[in-house]
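# Tertiary structure, described
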Amino acid sequence: MHRLTDSRLWRLLLLLGGLCAALTSRADPVSAVQLLREGGCGGILPAAEPLHHNASLDRAAQQWAGGRSPAAAARGGGYQAQTTSAIHLSGPDSSLVRMLRQSSCRTVTDRGLSDIGVYQRGSDTWLILASAYVVPAASQAPLLASRTLELVNEARARGTRCGQRSFQPAPPVRLSGTLASVAFGHAADMARHNYFEHEDLKGRSPADRVRAVGYREKLVGENIAYGPKSAEEVVQGWLSSPGHCENIMDPRFAEMGIAYAQGQASKRGLYWVQLLAGPLT
């Protein structure tokens, strides 16, 4: 069990007294959460750093109160979340600390959370606690490409069902630096110009883009995605979509390129492009 030192316990008691006095005169759910994080929910859990009050999560909390799921509300509020937790309380402002301690200690003191938003209406309080998604650094691209290749080849090795079609196991594909470069060019173009199509703004198809760099192919396929935050998420999304899944499982493909780019303005998620090809030998 985590124990407070005498000095910390004394500080906690002072904070509790001051906070309770403040809460009797005004609603301050953010301060209630901060107090419980600093004190480890009364000393029963490890203490945690204060959360940052985030205006985007305030908007998200309001959308959650309006009926959206917390994760969807966070996206709608403009917050790119890695993890999201939500707390709904109903009762007088003076009881916020007590209600949080009784129902949500582990959530409130979660060290993996960094930001908080709040919305209040009448006697109800909606809190969204989250950690922001950090876009993978360029140095992580080779690791993400290797992990994506691993997941794709695992699916090909076991065989799978894509919608109404069943696919037998297929030979593994290998990474191609040329295809990866073409994939990144299209991902970056979509991110920069805020569109989401296989055909680029110059009217070129995936096969056109591949041929333009001198790659000689028998067949080209392309999967694109917007929003996934990891190799696992993007591959699972493609495998759950019949057309994308069929591309991944097509035994005629022998090489693959994978790339991502961060969106701009209001669409700051990741744009993903996977190119699959059967090269001429």
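Residues numbered from 1 in each chain as written. Predicted model: local features only at pLDDT ≥ 70, side-chain atom pairs only at ≥ 80, totals over all residues. Heavy atoms only, no water.

### Quick notes on unusual backbone geometry
The phi torsion at Cys41 lies on the positive side, around 55°, for a residue other than glycine. With a relative accessible area of 0%, Cys41 lands in the buried category. The backbone of Asn194 sits at a positive phi, close to 60°, despite the residue not being glycine. Along the polypeptide, Asn194 turns up in the loop between helix 9 (177-193) and helix 10 (206-212). (Buried < 20%, exposed > 50% of the residue type's maximum accessible area, 1.4 Å probe, protein only. Helix = DSSP H or I, 4+ residues; strand = E, 2+ residues; numbered from the N terminus.)

### What to know about the packing of aromatic side chains
Describing an aromatic ring pair means giving the distance of the ring centres and the angle of the ring planes. On inspection of all chains with the given rule, the structure shows four aromatic pairs. Centre to centre, the rings of Tyr119 and Trp126 are 5.8 Å apart; their planes meet at 35°, and the pair counts as tilted. Considering the side-chain rings of Tyr260 and Trp272, the 5.3 Å spacing of their centres and the 45° angle between planes classify their relative orientation as tilted. Linking Tyr260 in strand 9 (residues 255-262) with Trp272 in strand 10 (residues 270-279), this pair joins segments that are twelve residues apart in sequence. (Phe/Tyr/Trp six-rings, centres within 6.5 Å; stacked < 30°, edge-to-face > 60°.)

### A look at the sheet that holds strand 4 (residues 124-132)
Read across the open sheet, the four strands follow the order 1-3-4-2; overall the sheet is mixed. The sheet terminates laterally at strand 1 (52-53) and strand 2 (81-90), the two strands that pair on one side only. Against the sheet, helix 4 (residues 55-65) makes contact with strand 1, strand 2, strand 3 (115-121) and strand 4, and its axis sits at roughly 45° relative to strand 3, the strand it touches most. The sheet contacts of helix 6 (residues 96-103) involve strand 2 and strand 4, and relative to strand 2 the element is tilted by about 120°. (Pairing = 2+ DSSP bridges. Contact = heavy atoms within 4.5 Å. Axes fitted to C-alpha atoms, helices over the stretch in contact; angles between N-to-C directions.)

### Focus on the nonpolar core
Ranked by internal contacts, the top residues of the largest apolar core, which has 26 residues, are Trp238, Met249, Met256 and Trp272. When contributions to this core are tallied by element, the ones reaching two or more residues are helix 8 (141-158), helix 11 (231-239), helix 12 (242-249), strand 9 and strand 10. Apart from residues no more than four positions distant in its own chain, Trp238 is found in contact with Asn223, Ile224, Ala225, His244, Cys245, Ile248, Ile258, Trp272 and Gln274. In this structure, Leu51, Leu100, Val108 and Val118 belong to the second largest nonpolar core, which totals 21 residues. (Core = buried A, V, L, I, M, F, W, Y, C linked by side-chain atoms within 4.5 Å.)

### Brief notes about the pairing of strand 3
Within strand 3, five of the seven residues are buried, which leaves the element mostly enclosed by the surrounding structure. Direction of pairing for strand 1 relative to strand 3: parallel, over a ladder of two bridges. By the bridge assignment for strand 3, His53 is matched with Ile116. With seven bridges connecting them, strand 3 and strand 4 associate as antiparallel partners. Paired with Tyr119 across the two strands is Trp126, which belongs to strand 4. The antiparallel pairing of strand 3 with strand 4 creates a hairpin that spans two residues between the two strands, and Gly122 there sits at a positive phi of about 65°.

### Some thoughts on the pattern of salt bridges
A complete count under the given rule lists eleven salt bridges for this structure. The residue Arg204 makes a salt bridge to Asp200 at a minimum N-O spacing of 2.9 Å. Put simply, Arg211 and Glu217 hold a salt bridge, and the shortest N to O gap is 2.9 Å. On the accessibility criterion, Arg211 (46% relative accessible area) is partly exposed. Here Glu217 falls in the buried class, since its relative accessible area comes to 14%. One continuous salt-bridge network, built from bridges that share partners, spans Asp200, Arg204, Arg209 and Glu222. (Salt bridge = Lys/Arg side-chain N within 4 Å of Asp/Glu carboxyl O.)

### Focus on helix 11
Of the positions making up helix 11, those classed as buried are Ala231, Val234, Val235, Trp238 and Leu239. Down the axis of helix 11, the sector holding all buried residues measures 135°, keeping them to one side. The inward-facing, buried residues of helix 11 abut helix 8, strand 8 (217-226), helix 12, strand 9 and strand 10. (Arc of directions from axis to C-beta.)

### Thoughts on the layout of surface pockets
Here the largest pocket is characterised by a volume of approximately 270 Å³. What lines the largest pocket is a set of 15 residues, and nearest its centre among them are Ala141, Phe184, Ile258, Ala259 and Tyr260. Among the elements of the structure, helix 8, helix 9 and strand 9 are those that each provide at least two residues to the lining of the largest pocket. By residue number, the principal contributor to the lining of the largest pocket is strand 9, which donates five residues. (1 Å grid on protein atoms, 1.4 Å probe; cavity = no way out; pocket = protein on both sides within 12 Å on 5 of 7 lines; lining within 4 Å. Points joined across faces, edges and corners; volume = space filled by probe spheres on them.)

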